[in-house]
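Structural overview for review
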Amino acid sequence: MIILLKKNATQEQIDQVTEWISSAGFKPHLSQGVERTLIGAIGDDRGKIHLKSAAFLPGVETVIPILKPYKLASREFREDDTVVRVGDVRIGGGEFIVMAGPCSVESDEQMMECGYVVKKAGARILRGGAYKPRTSPYSFQGMEEEGLKLLKRVGEKMGMPVVTEVMNTTDVDLVETYSDILQIGTRNMQNFALLKKVGRSRRPVLLKRGMMTTIEELLMSAEYILSEGNEQIILCERGIRTFETATRNTLDISAVPVLKELTHLPVIIDPSHASGHARYVIPLTRAAVAVGADGVIVEVHPEPEKALSDGPQSLRPEQFYRLMDEVNLLADVMRRGIGGLP
Ligand code: PEP
Ligand code: MN
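Residues numbered from 1 in each chain as written. Chains lettered and ligands numbered in written order. Predicted model: local features only at pLDDT ≥ 70, side-chain atom pairs only at ≥ 80, totals over all residues. Heavy atoms only, no water.

By nearness alone, every residue bordering ligand 1 is listed as Arg 127, Lys 132, Pro 133, Glu 165, Gln 183, Gly 185, Thr 186, Arg 187, Lys 208, Arg 238, His 273 and Glu 299. Gln 183 is positioned with one of its side-chain polar atoms (N or O) 3.0 Å from an oxygen atom of ligand 1. Within the side chain of Arg 238, an N or O atom sits 2.6 Å from an oxygen atom of ligand 1. Relative to its free-state accessible area of 290 Å², ligand 1 is covered by the protein chains to the extent of 97%. Looking at the shell around ligand 1 residue by residue, the classes come out as one nonpolar, four polar and seven charged. (Near = heavy atom within 4 Å. Polar contact = N/O pair within 3.5 Å; in protein donor to acceptor, adjacent residues only side chain to side chain. Areas by Shrake-Rupley, 256 points an atom, 1.4 Å probe, with all protein chains shown as cover. Nonpolar A, V, L, I, M, F, W, Y, C, P; charged D, E, K, R; others polar.)

This is the structure:
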């Protein structure tokens, strides 16, 4: 339920309503807009009849049910776009943000070279995996804490915030000491214990869509994080499993406008894991700019043929420079043509 307060509601009335929600056994979530204050009452649906009586409290304009199963993630709850802030980077604020780096952190030299290239080309956030979710237990599993240290050091050298994946609840505390953004990978999108744990973190979360999940399920996973108090979430469409085998996954480009309609959270695209082939990454990035995504996350490697994971989909430095040129060109056209990225 959303409890909409009157325009002239006093702070005392807001506090009273918040207390009333808590005493009724619900979690209050305050959303203070420019014009209006609304308070979400989140909890067991069975008690919602009782919540309707909030309409009689002083300062309350009306009580509106949120019809969607996800509440805090819905546009009904928050009309304005959420802007995720990481250092001086704003994701969801209209600018097209490029996150880039290798699939895995492999060595000091590899990370330094990647960091140098992506920074010079204009990427804003450096990626690199230290804990790798691999299909085979015999594949490279990541450098773990050593990798986190390398990533952080290169990020600091380049003046770039970093993003890396966390796979286990037990690793969250460690990963958040090194990483500016916590990535939840496709295989863990419905690891509810992990979602709750990162929901209690003060780091923004990059939540990737499960490869076999619906858009609604993605939003329900975001709801787990939001309901624990973390509102800094970036959603990522990274391709879903279909019958098509020409690409590693099928990029669901329509997920972007659908999500933009359903939620206030920023949405980015991962063209690397979606396609599995470096040669498709630039065309899909163009599509990401045009469709109104808030950014992309792209894999880059100085020598893809030597990469310990995902070499075939990793861009060489010269390909990444080209990608950035195209992004700049298209972002400009979009701004001029329609008055700013949606
Ligand atoms: C990754 O970004 O390194 C990764 C493993 O991605 P995904 O979870 O989308 O497969
Ligand atoms: Mn990868």
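A word on the coordination of the manganese ion (ligand 2). Only Cys 103 (SG), His 273 (NE2), Glu 299 (OE) and Asp 310 (OD) from the protein reach the manganese ion (ligand 2) as donors, at distances of 2.0 to 2.3 Å. Summarised as a motif, the one-chain spacing of the donors to the manganese ion (ligand 2) is C-x169-H-x25-E-x10-D. With a gap of 11 residues between them, Glu 299 in strand β14 (residues 295-299) and Asp 310 in the loop between β14 and α11 (317-338) connect regions that are remote in the sequence. Across the pair, Asp 310 and Glu 299 agree in class, each one buried. (Donors = N, O, S within 2.8 Å, 3.2 Å for Na, K, Ca; no water. Helix = DSSP H or I, 4+ residues; strand = E, 2+ residues; numbered from the N terminus. Buried < 20%, exposed > 50% of the residue type's maximum accessible area, 1.4 Å probe, protein only.)

Between its terminal C-alpha atoms helix α1 (residues 11-23) stretches 18 Å, which fits the 18 Å expected from 13 residues at 1.5 Å a residue. Buried within α1 we find Ile 14, Val 17, Trp 20 and Ile 21. When α1 is viewed along its axis, its buried side chains cluster within an angular range of 125° and face the same direction. Residues of α1 that are exposed and point over 90 degrees away from its buried face: Glu 12, Glu 19 and Ser 23. In this structure, the buried side of α1 is in contact with β1 (2-5), β2 (27-32), β3 (37-42), α2 (48-51) and β4 (60-64). Remark: Gly 25 follows α1 within two positions and exhibits a positive phi of approximately 90°. (Expected span 1.5 Å × (residues − 1). Arc of directions from axis to C-beta. Contact = heavy atoms within 4.5 Å.)

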